[in-house]
Amino acid sequence: MDEFEEREDRILKIDIEQEMKTAYIDYSMSVIVSRALPDVRDGLKPVHRRVLYAMNDMGNVFNQPTRKSAKPVGEVLANYHPHGDSSVYDALVRLAQPWNIRYPLVDGQGNFGSIDGDSPAAMRYTEARMTEIAGELLRDIDKETVNFQSNFDDTRLEPTVLPTRFPNLLVNGASGIAVGMATNMAPHNLGESIDACVAFIDAKGDITIDELMSHIKAPDFPTGGIIYGYEGVAESYRTGRGRIVLRARTEIEQTPKGGERIIVTEIPYQVNKAELVTRIAEMVNNKRLEGISNIADESSGKGGMRIVIDIKRDANANVVLNHLYKNTALQSNFNTNNIALVDGKPELLNLFRLIELFVKHREDVVERRTRYDLQKAHEREHILQGLLIAVDNIDEVISIIRSSSNTQEAMERLQSRFNLTELQSRAIVDMRLRALTGLERDKLKSEYDDLEIRIAELELILNDHDELTRVVKDELLEVKAKYSDARRTEIVRYGDDFDPYDFYSDEEMIITISHAGYIKRTPLSKFRNQGRGGKGAKGSKTKESDFIEYIYSASMHATLLLFTEKGKCYWLRVFDIPEGDKTAQGRAIQNLINLESDDRITACIRIKKLHQDVDFVSSHYLLFATERGIVKKTILEDFSRPRSNGIKAINLAENDRVVTVRLTNGHCHILLANKNGRAVYFSEDQVRPMGRASQGVIGMRLDDDNDDCVVGMVVLREDSDEDLLVVSENGYGKRSLPDAYRLTKRGAKGVKTLQITDKTGKLVDFRAVNNEEDLMIIKRSGIAIRISLDTISVQGRATQGVKLVDLGDDAIASVCSVIKEEEDNDDYNPEEDLGKTEEDGAIDTPMAPEQD
């Protein structure tokens, strides 16, 4: 029983919950401090520091032959690092990989892996040595510049930090996962980093982060690429955390057969090239990426990186590239998290703190090195003083030495005779006979004089902080001059999130809207040209009770301003309209905009990037015309802010509706035509600008037959070379010159523009055209006919025109002028056409802004 009680006394009772907390915290701090996080001063984790120190200690440096990698790994394991050999070798390999480290610290020979994710060869097969710039991390380590600590078995000392001559944490970055925290620091250009440090020193620390950013502009990744957008960079510098968007460097090449291909020469940092190529190929095979016919990795050691992506003939390379950026690692994010150890504790660091702590470390290293050098200089000075005394009294010194029975007696006699110290007397006894020559005596005197100057310099550095910082600055600039290189990563400062316009080629489209309200877009190239009087090609498949009523030409990047007969305005981007072939029905327009069931589209204006061109929208106007002859002018800026439910564009009288809306620059001439074949011609100046909710003024007086109405409006600029085209309900039409119309005041009844007969029927369309356009006529049956306008003759106002289309039992539903087909004009330039309607080219097509 006594023995049991004695044992029980040796048992310590503890709270297991508290013990687990304490043990876990101790483990966490061990991982944080001893494994996962770099020191802010030298930018190294313990394993990397130990690898470099061991290689330097064993002479495995840049100017010596490489040695088997197993040699430094074994040295580290035996003396410093109590972990497995794989962790040490992996650390050594990473320091040698130029796609991971901006300025490699190990020069590897053999298979050290690849950017494709290939594993390195075993350490018994590879060889390594330190690079020259790695030597700058250990320069002066033998001069007591840093603290040392005992290794794991107290048999050796190892440095707690390296005296590094450049800001390695900034230059090479770091990454690591600890317990409860992680670090992910971006690499930077050496020259820019040193410039920032020099600016900090010159300003004596009184400098802002923005001022530092004028020197160190952005991270500089070893794989190059493009930093897309600067907001994340600035955020990471100011706070220590940020999201940096990286894009691959690409170019679009023309193939010998006239096709296109995308060439990738640089990829984002830490992206596995082989996985990237495989991922793209899988997405193509799964139909998640369209427009790619083949992908091949043609990279080589000599030629560098080259990924070739062949584009299908019917695809646009820029559009495919934007899809690749969005859906693959050709664009990726680097999330910075600047956590490093400061005095052994983890801290989130902004750019100022990173530079401040490095400069402080360098000042400490230079001060400690100076004290060491000063101590050695004083020791040598002391020896030289004794040697000079001996040389000046050489005969007596020789006599004392010769007459002494042993060395100790000689030293004691010399100390007594010349008042020397033991060190001085020993140096005299050990002095060689050549020191007796006059030349050697001069050398000793010269060395002594130089030493006196050196001591004064060292004392000045220790006593004057400005002199100390000058030394730090000069040494930084020496490193920059020797090792700095050009920036690899390009900076695109204004790279926002993906613009939806980037995913669509800016092709010309035909927008069709049926009488029942179905809308679709069809590439203009799918409509072929026909001669005047042709039967036409099937343009759209509609229900029996439906027919194509409106047809517009617009580019994919345009915004459609849709105006309804009730006077409302809606916004719709062309690429948001579903695409269909010529025979497709399309989609109900109510599914795309919030159109009322009893309302319908009567006019459309097409403008490229409406929300971006501030000058254009503030200097142009929308001109409304209604069936009852009312006109109203409102500045375009009032329609530049889209709303999902639309807005009220004009205040209409009872039984009136909007016929058409045109875009003007404020200095145009206006023609209104009525159903009975007359037109009135007046200046836009007679219509003053009004707000969106106003009703407008009288533009044309109609006949009193209760059947008359306005069928069209033409807006002519002063320098316009367009003709006027009229089309009747029975398929007749003609062109006439604007000069044939007399300029009057608004509100007149007008003059004859078409001879109305039973053969021609009433007027149904009135527009401005030129020979660089084609005429598109849609029958109610859906048949589309395309006619070159240069085949329609110019006639007088009072003529009935010529037959344009064979209607049979059909009727005309819609008329539109579109851009002439490319095959009919080898010199066609879309950009020239884009500027013809308005002076700055904001309108995307030279055709009339709408068909009504």
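Reading guide: rules and limits
Residues numbered from 1 in each chain as written. Predicted model: local features only at pLDDT ≥ 70, side-chain atom pairs only at ≥ 80, totals over all residues. Heavy atoms only, no water. UniProt positions renumbered as here; feature names shortened; annotations may be inferred. Helix = DSSP H or I, 4+ residues; strand = E, 2+ residues; numbered from the N terminus. Buried < 20%, exposed > 50% of the residue type's maximum accessible area, 1.4 Å probe, protein only. Contact = heavy atoms within 4.5 Å. Areas by Shrake-Rupley, 256 points an atom, 1.4 Å probe, with all protein chains shown as cover. Disulfide = S-S within 2.5 Å. Pairing = 2+ DSSP bridges. Core = buried A, V, L, I, M, F, W, Y, C linked by side-chain atoms within 4.5 Å. Phe/Tyr/Trp six-rings, centres within 6.5 Å; stacked < 30°, edge-to-face > 60°. Lys NZ or Arg CZ within 6 Å of the ring centre and 35° of its normal. Salt bridge = Lys/Arg side-chain N within 4 Å of Asp/Glu carboxyl O.

Where an unreviewed UniProt entry is consulted, the chain appears under the name DNA gyrase subunit A, with the organism given as Porphyromonas miyakawae. UniProt, in its Subunit (unreviewed entry) section for the chain, records the words "Heterotetramer, composed of two GyrA and two GyrB chains. In the heterotetramer, GyrA contains the active site tyrosine that forms a transient covalent intermediate with DNA, while GyrB binds cofactors and catalyzes ATP hydrolysis." A UniProt comment under Subcellular location (unreviewed entry) is attached to the chain, and it reads "Cytoplasm".

The subject of this paragraph is the overall build of the chain. When you go through the chain residue by residue, the secondary structure sums to 20 helices and 41 strands. For the chain, with 852 residues in total, the buried portion stands at 52%. Of the contacts made within the chain by residues no fewer than 6 positions apart, 73% connect residues no fewer than 24 positions apart. Carbon and sulfur atoms make up 46% of the accessible area of the chain, which amounts to about 39200 Å² in all.

In this section: the UniProt feature "coiled-coil region" (unreviewed entry) in the chain. UniProt records the feature "coiled-coil region" (unreviewed entry) at residues 441–468, using the numbering of this structure. Annotation note: span residues 441–468, helix share 96%, strand share 0%, distance between end C-alpha atoms 34 Å.

By definition, a disulfide links the sulfur atoms of two cysteine residues through a covalent bond. Scanning all chains against the criterion turns up 0 disulfides. Note on cysteine 604: no disulfide assigned, nearest cysteine sulfur contributed by cysteine 569 at a separation of 9.6 Å. Look at cysteine 604 and you get buried, because its relative accessible area is 0%.

With antiparallel pairing, 4 strands are arranged side by side in an open sheet as 25-22-23-28. Pairing within the sheet leaves two strands with one partner each, and these edge strands are strand 25 (601–608) and strand 28 (647–648). Here 5 bridges tie strand 22 (residues 558–564) to strand 23 (residues 568–573), and the two strands are oriented antiparallel to one another. Bridge assignment links leucine 562 to a residue of strand 23, and that residue is tyrosine 570.

Moving on, we come to the side chain of threonine 336. Mapped onto the fold, threonine 336 is located in strand 14 (residues 331–337). Take threonine 336: its relative accessible area is 5%, and that puts it in the buried class. Not counting residues within four places of it along the chain, the set of residues in contact with threonine 336 comprises Asn184, Ala186, Ser236, Gly240, Arg241, Gly242 and Ile244.

Attention now goes to the nonpolar core. Counting residues in hydrophobic clusters, the biggest one holds 83 residues, and the most contacted among them are Leu52, Leu92, Leu190, Leu351 and Ile355. Apart from residues no more than four positions distant in its own chain, leucine 92 is found in contact with Val51, Met55, Ser69, Pro72, Val73, Val106, Phe112 and Ala128. Counting residues in each nonpolar core, the second largest holds 25 residues, with Ile267, Val271, Ile292 and Leu321 among its members.

The element strand 26 (residues 621–626) is extensively covered by neighbouring structure, given that 6 of its 6 residues are classed as buried. Alternating positions in strand 26 separate into two faces, Tyr621, Leu623 and Ala625 on one and Leu622, Phe624 and Thr626 on the other, with burial throughout. Direction of pairing for strand 26 relative to strand 27 (residues 630–635): antiparallel, over a ladder of 5 bridges. When the bridges of strand 27 are listed, tyrosine 621 appears paired with isoleucine 635. The loop that links strand 26 with its antiparallel partner strand 27 comprises 3 residues; one of these, glycine 629, has a positive phi angle of about 85°.

One pass over the full model with this rule turns up 9 aromatic pairs. Connected via pairs of aromatic rings, a cluster forms that spans Tyr53, Tyr80 and Phe148. Over the ring of phenylalanine 624 we find lysine 632, and its NZ or CZ is 5.1 Å from the ring centre. Geometry around tyrosine 621 places lysine 633 over its ring, the cationic atom sitting 4.9 Å from the centre.

Taken as a whole and assessed by the stated rule, the structure comprises 53 salt bridges. In this structure, aspartate 195 engages lysine 480 in a salt bridge whose closest nitrogen and oxygen atoms are separated by 2.7 Å. Of the two residues, aspartate 195 is situated in helix 8 (residues 190–202) and lysine 480 in helix 18 (residues 465–483); the sequence distance between them amounts to 285 residues. Residue aspartate 195 is classed as partly exposed on the basis of its relative accessible area of 26%. Given the relative accessible area of 27%, lysine 480 is considered partly exposed. Members of the salt-bridge network, linked through shared partners, are Asp140, Arg165, Arg362, Arg369, Glu475 and Glu478.

Attention shifts here to the side chain of glutamate 565. Positionally, glutamate 565 belongs in the loop between strand 22 and strand 23. Beyond its immediate chain neighbours, meaning those up to four positions away, glutamate 565 contacts Asp598, Asp599, Arg600, Thr602, Leu652, Asp656, Arg657 and Val658.

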